[in-house]
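In case you want the letters, here they are:
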Amino acid sequence: MSRSFFVTVTSLLFLASAAFAADARKPNIVIIVGDDMGYADVGVHGCKDIPTPHIDSIAKNGIRCTSGYVSGPYCSPTRAGLLTGRYQQRFGHEFNPGPAPNQPIGLPLTEVTLADKLKAAGYATGMVGKWHLGNQPQFNPVNRGFQEFFGFLGGAHQYFPARAGVKGPQAAPILRGLETVEEEEYLTDAFAREAVTYIDKHQKEPFFLYLTFNAVHTPMQSAEKYLARFPDVKDEKPRIYCGMMSAMDDAIGSVLKKLDDAQLTENTLVCFISDNGGPPVNASSNGPLHGFKAQTWEGGIRVPYFVQWK
């Protein structure tokens, strides 16, 4: 399927609406986004070094889009395109917004988001993870169609609780809605916890969950329990990358298990995608594609892209 992600999701949502027009229960929708993943770093694409059974299961139980493309080669523009269903160049969002927290740049307020549409259609709408579509309150997810939000607003973040002396955008607050919260868990694990909690809270109503990991974006930080799975990887950076990928796969497994346990899997559309290709800086691999993040070669815009709706 050589279609852009947001075009395919829009089509699936249209089909879902038609199929369930007479049904009291609309299908749930879970969109999962990985960050700076390499095309070759999932098992279903041939990866031998990093087990990703839960990500792979979405492909095996649904559709693997072998020619899945995002609409840009780096983080923020592709998210702007995904959430609006429009090419981001049409509204001036073809570049990442700067890291300054007070910079008045973000997804234009004139744009309608997928969350806006689904909320109007009777869905509970929630987001967990990385936003990267504006730092000021008017751009916050809770003001862009999401009724609930847990995560951070910038493009990257520390994975461990803030340490004394650590400053800058990667040490920005973790938010619940508009309020700062103290988070003690490894961030990928925290996102898994919050996603599972969201599903549990809204399991009796149609819900939309937008789960956007910052894994495996820099800074390169893995919890020891994940590093311990890769004793044979001797180089430090690739070993950390393996741990970060493994943590994200576990987190996705927690979400899929929760859907199963709540008997929601049969009526939940699950999409998985990476926001762009992997960059050299995080030890990712885009093989056999040419190029990487920030380039419009295949390695920058062709990504893992799986859709499941049992």
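Residues numbered from 1 in each chain as written. Predicted model: local features only at pLDDT ≥ 70, side-chain atom pairs only at ≥ 80, totals over all residues. Heavy atoms only, no water.

Draft legend 1. Spatial organisation of the overall build of the protein chain. Per the secondary structure count, the protein chain includes 8 helices and 9 strands. The C-alpha radius of gyration of the protein chain comes to 18 Å, within 12% of the 19 Å expected for a compact globule of 310 residues. When the backbone C-alpha atoms are referred to their principal axes, the protein chain occupies close to 55 × 45 × 35 Å. Expressed as a percentage of its 310 residues, the buried residues of the protein chain come to 57%. In the protein chain, of all internal contacts separated by at least 6 residues, the share reaching a separation of at least 24 is 71%. A total of about 13,000 Å² of accessible surface is found on the protein chain, and carbon and sulfur atoms cover 54% of it. (Helix = DSSP H or I, 4+ residues; strand = E, 2+ residues; numbered from the N terminus. Rg over C-alpha atoms; globule rule 2.2 N^0.38 Å. Buried < 20%, exposed > 50% of the residue type's maximum accessible area, 1.4 Å probe, protein only. Contact = heavy atoms within 4.5 Å. Areas by Shrake-Rupley, 256 points an atom, 1.4 Å probe, with all protein chains shown as cover.)

Draft legend 2. How the structure looks around the pairing of strand β3 (residues 124–130). Burial runs high along β3: 7 of the 7 residues are buried. The pairing of β3 with strand β7 (residues 207–212) spans 6 bridges and is classified as parallel. The residue of β7 that forms the bridge with Gly126 is Leu209. When β3 meets strand β4 (residues 148–152), the two strands line up parallel, connected through 5 bridges. Bridge pairing links Gly126 to Glu148 in β4. (Pairing = 2+ DSSP bridges.)

Draft legend 3. Broad picture of unusual backbone geometry. The residue after Ala215, namely Val216, is reached through a cis peptide bond having omega 10 degrees. Residue Pro288 follows Gly287 across a cis peptide bond; omega there is 5 degrees. Its location among the elements puts Pro288 in the loop between β8 (268–274) and α8 (298–301). Positive phi values are uncommon outside glycine, yet Gln263 reaches one of about 55 degrees. Assignment of secondary structure puts Gln263 in the loop between α7 (236–261) and β8. One non-glycine residue, Ala283, lies in positive phi territory at about 70 degrees. If you trace the backbone, Ala283 turns up in the loop between β8 and α8. On the basis of relative accessibility, which here comes to 27%, the residue Ala283 falls in the partly exposed class.

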